[in-house]
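# Coordinates in review
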Amino acid sequence: MEKEFSVFEVAPFPRRIGAWFIDFLIIFIIWYIFTSKDMDKINKLMENLDPDVDGNLEIFIEEVFKLYTIFILKLLFTKTLYYTITPAIFGRGKTLGKLIFSISMVNRENLCEISPTRLVLREFVGRGIIETLLIIPGIISFIFLFTKESRTIHDRIANTIVEKDTTFIGEWMIRKIKKEEYQKVIEFANEQFEIDFRKVQPTIYSIDENYKYHYIYQIGEEIIGTFLAKTLVYKNVKMLGIGTLCVRKDKRNSNIMQEMFAYISENLEKDCDIIYLIGDKKRYERLGYYKVGIIGTLKIKNKYLSCNTDEVEIKELTDISDKEFEIISKYDPVCRNKYDAMKIYKGSSEQNIIYLLTQKDKRSIVVFDQLKFEIVEMFGEISSEEMIKTIMLKNNSEYVNVNSDFSTLKTMYEYCDKYTMSNRVSLKIINYSNIIRKLFSYKGNRFGSLKFELKDETILINYSNNGLEVITKKEKNEKYISEREIINILFGNIYSIDYIESNMNLIVLWFPLCIPSTLVSIDRV
């Protein structure tokens, strides 16, 4: 579950002025040391030069102009050196002044540390040449400090912003929680979301051992934020699910959520193929998470189904025996134990009914939400049409709503009267090669090759009689498709992409890759 947040907070004017004053003093001291010998030259010149002698005044003016030029060049050198070296030492665009006043200078687009070339552009061209030498732009930059984002001319040239840090250095940390802290963390999450997670997600929050998947953002002894990070293996793909992201209400708009995502990126994602967030939110795209997992809710009427269900028997399950669990183990794509399966299928308010359907030697499981009048999940050996019609007859209804992911969406669409579409998850891809190799399941005879050129990586897919070969190469591509586009191709609704042409039939045939996008994926997080 998610709460809305602002990604950064602009550094307050007093902090920027305080940081600038400290940096100015340091630069002045360094500059004074660099120019001390030049100062001596001026003193000697004034002592030895007689102004009454013809031509000496012109010599004095010429020498002073030369020294003034040297002073300015050394000032530019000192400022550029200081404003480029100190961020390399302290990180995130911090000078000593910014470090003391807890502010950072970062990329305006993604709030990451800027590249060295952009840093030089900002400090040498923007701050040094334009603002220092030309003077008037420096005055304009000072006025810009009073605008909404307080972006000076050198900020605008390099597309940077100076943001307020979460707190002063040394006071905060992100860590895994201890077992005795688990109930306190649950209460914290309940307060932020104004729900009871023990009821909404009982398979997580009613089991004490799940404390080990939780992290907190801590300032002093106070919990300021929390998130859940739990791994899931699906068809040998290592997935990391992120959930329960929240920040204390009075500490929002303070870059805390950004810090938690940075922690996930630096410490948790390296051993994973995919990271996924639950929800249909676009705001996470700036962090590399893109919406996928198409889920359709279809209204299917009895009159459209011509199948015969006379031989199908149905009974409600109050418990799952070993025999029923065999069906779950075989057809449910997420490996569960009996305890988890029953609690998950029942739902947070126990509004779901679990049916066992048998037809001679065939068996299937259907999970039915009686409040929404909706089939949440269905799997097994009996056909989808027969399972749906059996549920309608059982409940004396002419229609039923059916949750369907992309794998069954096309087959169910012809029986549909009305439908709605949405995305269930947002994905960040860590290892394209692994997920294509592990999830690719096309077994036809349409052989060939596809090449995807990303910004920093090229992916070549060869499919032949010898099987599937996926080759990745780290390289810079001048023309490339975006992360959003390739994720949409690999996992999304390929027929919604407006640039698919007839000669791109391999994309249409091979993709989307199947990922769990219904209840079977999200209940683990």
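## Some points on unusual backbone geometry
Unlike most non-glycine residues, asparagine 159 shows phi in positive territory, near 55 degrees. Residue asparagine 159 is classed as partly exposed on the basis of its relative accessible area, which comes to 24%. You will see that threonine 244, though not glycine, has its phi angle at about 50 degrees, which is positive. As for its placement among the helices and strands, threonine 244 is situated in strand S6 (residues 237-247).

## Some thoughts on helix H16 (residues 483-491)
Of the positions making up H16, those classed as buried are Ile486, Ile487, Ile489, Leu490 and Phe491. Down the axis of H16, the sector holding all buried residues measures 165 degrees, keeping them to one side.

## Some words on the pairing of strand S1 (residues 103-107)
Most of S1 is tucked away: 5 of the 5 residues are buried. Inspection of the sheet shows S1 paired to strand S2 (residues 160-164) by 5 bridges, in the antiparallel sense. Across the sheet, residue serine 104 finds its bridge partner in S2, namely glutamate 163.

## Focus: the packing of aromatic side chains
Enumeration according to the criterion identifies 21 aromatic pairs in this entry. Taking 5.9 Å as the distance between ring centres and 40 degrees as the angle between the ring planes, the aromatic pair formed by phenylalanine 28 and tryptophan 31 counts as tilted. With phenylalanine 28 and tryptophan 31 both in helix H1 (residues 13-48) and 3 residues apart, this pair spans about one turn of that helix. Its relative accessible area of 15% is what places tryptophan 31 among the buried residues.

## Structural notes on the packing of helix H15 (residues 432-439) against H16
Any two packed helices are characterised by how steeply their axes cross, that is the angle between the axes, and by the distance between the axes. Their axes nearest at 12 Å, the elements H15 and H16 cross at an angle of 15 degrees. If you check the angle between H15 and H16, you find them roughly parallel. Judged by the sense of rotation from one axis to the other, the crossing of H15 with H16 is left-handed. Between H15 and H16, the contacting residues are Tyr432, Ile435, Ile436 and Leu439 on the first element and Glu483, Ile486, Ile487, Leu490 and Phe491 on the second.

## A look at the side chain of threonine 35
On the secondary structure map, threonine 35 appears in helix H1. Those residues within four positions of threonine 35 in sequence are excluded, and the remaining contacts are Phe71 and Lys74.

## Here we look at the sheet that holds strand S16 (residues 457-464)
What holds strands together in a sheet is hydrogen bonding between their backbones, with the strands either parallel or antiparallel. As summarised here, the arrangement of the 3 strands in space is S15-S16-S17, forming an open sheet in which the pairing is antiparallel. Each end of this open sheet is capped by a strand with a single partner; those strands are strand S15 (448-453) and strand S17 (467-474). Here the average twist between neighbouring strands, direction ignored, is 10 degrees. In the packing of H15 onto the sheet, the strands contacted are S16 and S17, and the crossing angle to S17 comes to about 170 degrees.

## Some points on the nonpolar core
Most often, soluble globular proteins keep nonpolar side chains buried together rather than apart. Tyr432, Phe452, Ile459, Leu490, Phe491 and Phe511 are the most contacted members of the largest nonpolar core, which totals 34 residues. Among the elements that line this core, the one with the most residues is H16, at 5 residues. Formed by 24 residues, the second largest nonpolar core is a distinct cluster that contains Leu240, Met257, Leu268 and Cys272.

## Observations concerning the confidence of the model for the protein
Chain-level pLDDT for the protein is 79 on average; 81% of the residues reach the 70-or-more range. When the elements of the protein are averaged for pLDDT, helix H18 (residues 519-522) gives the smallest value, 40, and helix H7 (residues 182-193) the largest, 93. Every residue in residues 494-500 scores below 50 in pLDDT, and together they form 17 contacts with partners more than four places removed in sequence or on other chains. Long-range and interchain partners of residues 517-525, a stretch whose pLDDT sits below 50, account for 42 contacts in this model, where long-range means more than four residues apart.

## Brief notes about the pattern of salt bridges
Under the counting rule described, the total for this entry stands at 20 salt bridges. The salt bridge involving arginine 92 is made with glutamate 163; its shortest N-O contact spans 2.6 Å. Of this pair, arginine 92 sits in the loop between helix H2 (56-90) and helix H3 (96-100) while glutamate 163 sits in strand S2, and the two are 71 residues apart along the sequence. Exposure remark for arginine 92: the relative accessible area of 25% places this residue in the partly exposed category. Looking at glutamate 163, the relative accessible area reads 0%, which means it is buried. Its salt-bridge partner being glutamate 453, residue lysine 451 comes within 3.4 Å of it at the nearest N-O pair.

Conventions we followed
Residues numbered from 1 in each chain as written. Predicted model: local features only at pLDDT ≥ 70, side-chain atom pairs only at ≥ 80, totals over all residues. Heavy atoms only, no water. Buried < 20%, exposed > 50% of the residue type's maximum accessible area, 1.4 Å probe, protein only. Helix = DSSP H or I, 4+ residues; strand = E, 2+ residues; numbered from the N terminus. Arc of directions from axis to C-beta. Pairing = 2+ DSSP bridges. Phe/Tyr/Trp six-rings, centres within 6.5 Å; stacked < 30°, edge-to-face > 60°. Axes fitted to C-alpha atoms, helices over the stretch in contact; angles between N-to-C directions. Parallel < 35°, antiparallel > 145°, perpendicular 65-115°, else oblique. Left-handed = near helix turned anticlockwise from the far one by under 90°. Contact = heavy atoms within 4.5 Å. Core = buried A, V, L, I, M, F, W, Y, C linked by side-chain atoms within 4.5 Å. pLDDT = per-residue confidence, 0-100. Salt bridge = Lys/Arg side-chain N within 4 Å of Asp/Glu carboxyl O.

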